[in-house]
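What follows is the residue order along each chain.
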Amino acid sequence: MELLDKLNWRYAAKAMNGKKVSEDKIERILEAARLSPTSSGLQPFEIFVVKNQAIKEEIRPIAWNQSVITDCSHLLVFAAWDTYTADRINHMFDLTNEIRGFKNEGWENYRQMLLSAYPQKDAEENFNHAAKQAYIAFANAVTAAAYEGVDATPLEGFDANAVDKILGLREKGLRSAVLLPIGYREEEKDWLVNLVKVRKPMSELVTVIE
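Attention in this report is confined to the structure presented alongside it. (Residues numbered from 1 in each chain as written. Predicted model: local features only at pLDDT ≥ 70, side-chain atom pairs only at ≥ 80, totals over all residues. Heavy atoms only, no water.)

Another aspect to go through is the pairing of strand β4 (residues 174–183). For β4, a buried count of 10 out of 10 residues is recorded, marking the element as mostly surrounded by other parts of the structure. Here 2 bridges tie strand β3 (residues 151–152) to β4, and the two strands are oriented antiparallel to one another. For Ala 152, the partnering residue across the bridge sits in β4 and is Ile 182. (Buried < 20%, exposed > 50% of the residue type's maximum accessible area, 1.4 Å probe, protein only. Helix = DSSP H or I, 4+ residues; strand = E, 2+ residues; numbered from the N terminus. Pairing = 2+ DSSP bridges.)

Packing of helix α1 (residues 2–9) against helix α7 (residues 123–147) brings their axes to within 8 Å, and their N-to-C directions diverge by 100°. Classified by the angle their axes make, α1 and α7 are roughly perpendicular. Packed against α1, whose contacting residues are Glu 2, Leu 3, Lys 6, Leu 7 and Trp 9, the element α7 presents Thr 143, Ala 146 and Tyr 147 at the interface. Residue composition of the contact of α1 with α7, grouped by class: 5 nonpolar, 1 polar and 2 charged. (Axes fitted to C-alpha atoms, helices over the stretch in contact; angles between N-to-C directions. Parallel < 35°, antiparallel > 145°, perpendicular 65-115°, else oblique. Contact = heavy atoms within 4.5 Å. Nonpolar A, V, L, I, M, F, W, Y, C, P; charged D, E, K, R; others polar.)

Once that is clear, we can look at the nonpolar core. Counting 35 residues, the largest nonpolar core has Leu 42, Leu 75, Val 77, Ile 89 and Leu 179 as its most contacted members. Of all the secondary structure elements, the ones that give two or more residues to this core are β1 (45–50), α4 (68–71), β2 (74–81), α5 (86–100), α6 (105–115), α7, α8 (160–167) and β4. Of all the elements, β2 adds the most residues to this core, at 5 residues. In this view, Ile 89 contacts Leu 42, Tyr 84, Leu 114, Leu 115, Tyr 118 and Pro 119; residues no more than four positions away in its chain are not counted. (Core = buried A, V, L, I, M, F, W, Y, C linked by side-chain atoms within 4.5 Å.)

Quick look at the pairing of β2 now. Counting buried positions along β2 yields 8 of 8 residues, so the element is predominantly enclosed. Bridge count between β1 and β2: 6 bridges; the pairing is antiparallel. Its bridge partner being in β2, Glu 46 is matched across the sheet by Ala 79. Bridge analysis of β2 against β4 gives 8 bridges, and the strand direction is antiparallel. Paired with Ala 79 across the two strands is Ser 176, which belongs to β4.

A separate point is the environment of Lys 189. Inspection of the secondary structure puts Lys 189 in the loop between β4 and α9 (202–205). For Lys 189, a relative accessible area of 67% translates into the label exposed. For the pair Lys 189 and Asn 17, spaced 172 residues apart in sequence, the C-alpha separation works out to 9.2 Å.

A full pass over the atoms with the stated rule returns 11 salt bridges. We note a salt bridge from Asp 94 to Arg 111, for which the minimum N-O separation is 2.9 Å. On the criterion of sequence distance, the pair formed by Asp 94 in helix α5 and Arg 111 in helix α6 is long-range, its members being 17 residues apart. Several salt bridges converge on common partners, so that one network encompasses Asp 24, Lys 25, Arg 28 and Glu 148. (Salt bridge = Lys/Arg side-chain N within 4 Å of Asp/Glu carboxyl O.)

Now for the environment of Val 208. In this structure, Val 208 sits in the segment after α9. By relative accessible area, Val 208 is classed as exposed at 61%. Sequence-wise, Val 208 and Asn 109 are 99 residues apart; in three dimensions their C-alpha atoms are separated by 36 Å.

Take α7 next. Here α7 contains 25 residues, and its C-alpha end-to-end distance of 36 Å stays within 8% of the 36 Å for a straight helix at 1.5 Å per residue. Of the residues flanking the start of α7, the one acting as N-cap is Asp 122, its side-chain oxygen 3.0 Å from the backbone nitrogen of Glu 124. Remark: Gly 149 follows α7 within two positions and exhibits a positive phi of approximately 75°. (Expected span 1.5 Å × (residues − 1). Polar contact = N/O pair within 3.5 Å; in protein donor to acceptor, adjacent residues only side chain to side chain.)

This paragraph deals with the packing of aromatic side chains. A full pass over the atoms with the stated rule returns 7 aromatic pairs. Between Trp 81 and Tyr 84, the aromatic rings sit 5.6 Å apart at their centres with planes inclined by 75°, giving edge-to-face as the arrangement. The residues Trp 81 and Tyr 84 share a single accessibility class, namely buried. Ring centres 5.6 Å apart and planes at 65° place the aromatic pair Tyr 135 and Phe 138 in the edge-to-face group. Of this pair, Tyr 135 and Phe 138 both sit in helix α7, 3 residues apart, which is roughly one turn of that helix. For Phe 138, a relative accessible area of 9% puts it in the buried group. If you follow Lys 19 out to its NZ or CZ, it ends over the ring of Tyr 184, 4.9 Å from the centre. Above the plane of the ring of Phe 127 lies Arg 175, whose end atom (NZ or CZ) is 3.8 Å from the centre. (Phe/Tyr/Trp six-rings, centres within 6.5 Å; stacked < 30°, edge-to-face > 60°. Lys NZ or Arg CZ within 6 Å of the ring centre and 35° of its normal.)

This is the structure we're talking about:
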């Protein structure tokens, strides 16, 4: 119930007050994102934590001039791989073998299956697939922020190419997928703060197939 109460409390804050979120809370939010499930366990994304105010000021104009970009404590940028490569796939499989301390024939066969499939696909198709995985981690970060009593405002309204240039993402083989300002709501300036949360009723959202 506590988690559901927190999710009912949260909303996409439209104004933040600039108060800093403690680093331990940020670390737990990032850890929740890190622990997220991803297709084949590849984790095809990185998270950039922007604390630098000058960079936030640079991003704001290309994000519909939304004040939460500059008034947040930390701006999280979820950046997906621009494509799947053999090196990237092998790195995750090698990491798994290293951490688990053994090799498994089925796991190695699965590696070869991915190597014969993903790198040959169109880069845009691969990016879109990777971005979907980033969104899973993004959703967990939103939930974790609510659990920590911290506001998080999902933002898709931004010029991705411009953000990529500001952060030098393309040179790293990455492309920005979604932004997540983290901070605390400024209730006096937020038109949304007192409005009732609206979601579809279960009857419209869920179909149970017996």
